[in-house]
Amino acid sequence: MQGDTATLTRTVNVILLGPPGAGKGTQAELLVKNHGLVQLSTGDMLREAKASGSELGQRVAQVMERGELVTDDIVIGLIKEKLSNTDAKGFIFDGFPRTLAQADALGQLLEEFDIKLDAAIELKVDDKILVQRILHRAAQAKAAGQPVRADDNEETLVQRLEAYHAQTAPLIAYYEGKGVLKSVDAMGAIDAIAKELSAIVS
């Protein structure tokens, strides 16, 4: 990936869309490394907030301790905090929005901060191959004596994919309607996908 680092002449803000296992986290990390963007990962922000002990963090901790899902307004609150407290070259929204309601809420928040969304990038995958790939990864980890993610089993993966297609896939048409949708074939090599994403961001 050497040589793909690019200095951005303006801030660039993107959303990564794609089902579980499509490689959003990996590609977000490479965009952070190569373009200096800030990754806003819902999971990371929730863990950070919980550890911070802030008022919002205490609300997150209470919800998580009760085993409930964190509400949209809490996630939007966390994103708002991040947007307020950073002088970034741009943001990658990873894992949010997941629903049309969240997409509307994020759109309003970006408007409030006068932040332009440059692209919603869909990482396109084949569900069957994706499941095989993740099960193969789990088998390799097990054989090497490494920990296997609890959700790396076929039943859970199929459920997560079904939830993605029901709740999150409609965002593809939503962002296409706004003229910001880009699609990338995410079934290839990590470097090839990263190169295509870098071209979009640049």
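Up top is the structure.
All of these numbers come straight from a predicted model, not from anything done at the bench.

Conventions used here
Residues numbered from 1 in each chain as written. Predicted model: local features only at pLDDT ≥ 70, side-chain atom pairs only at ≥ 80, totals over all residues. Heavy atoms only, no water. Core = buried A, V, L, I, M, F, W, Y, C linked by side-chain atoms within 4.5 Å. Buried < 20%, exposed > 50% of the residue type's maximum accessible area, 1.4 Å probe, protein only. Helix = DSSP H or I, 4+ residues; strand = E, 2+ residues; numbered from the N terminus. Contact = heavy atoms within 4.5 Å. Pairing = 2+ DSSP bridges. Axes fitted to C-alpha atoms, helices over the stretch in contact; angles between N-to-C directions.

Trainee: Break down the nonpolar core for me, citing the residues and quoting the values.
Mentor: Soluble globular proteins tend to bury their nonpolar side chains together. Counting 34 residues, the largest nonpolar core has Ile 15, Leu 17, Leu 78, Ile 79, Phe 93 and Tyr 175 as the members making the most contacts within it. For this core, the elements supplying multiple residues, two or more each, are β1 (14–17), α2 (42–52), α3 (55–65), α4 (72–84), β3 (91–94), α5 (100–112) and α8 (170–177). Broken down by element, this core gets its largest block of residues, six residues, from α4.

Trainee: Lay out the environment of Leu 110 in plain terms, naming residues and giving numbers.
Mentor: Inspection of the secondary structure assignment puts Leu 110 in helix α5. Taking the C-alpha atoms as reference points, Leu 110 and Ile 79, 31 residues apart in sequence, are found 9.9 Å from one another. In this view, Leu 110 contacts Leu 83, Phe 93, Ile 115 and Leu 117; residues no more than four positions away in its chain are not counted.

Trainee: So what's going on with the sheet that holds strand β4 (residues 119–124)? Which residues, and what values?
Mentor: Spatially, five strands are ordered β2-β3-β1-β4-β5 in an open sheet, and the strand pairing comes out parallel. For this open sheet the edge positions go to β2 (38–41) and β5 (181–185), each flanked by a neighbour on one side alone. When strand polarity is set aside, the average angle formed by the axes of neighbouring strands in this sheet is 25 degrees. The sheet contact formed by β4 and β5 spans five bridges and is parallel. Its bridge partner lying in β5, Ile 121 is registered against Lys 182. Sheet strands touched by α2: β2 and β3. Its angle to β2, the strand with the most contacts, is close to 80 degrees.

Trainee: Now, about the pairing of β1: what can you tell me, with residues and values included?
Mentor: The side-chain alternation of β1 yields two buried faces, one formed by Val 14 and Leu 16 and the other by Ile 15 and Leu 17. The pairing of β1 with β3 spans three bridges and is parallel. Bridge assignment links Val 14 to a residue of β3, and that residue is Ile 92. Sheet topology note: the β1/β4 ladder contains four bridges and is parallel. Within the sheet, the bridge partner assigned to Leu 16 lies in β4 and is Ile 121.

The analysis is restricted to geometry; functional conclusions fall outside its scope.
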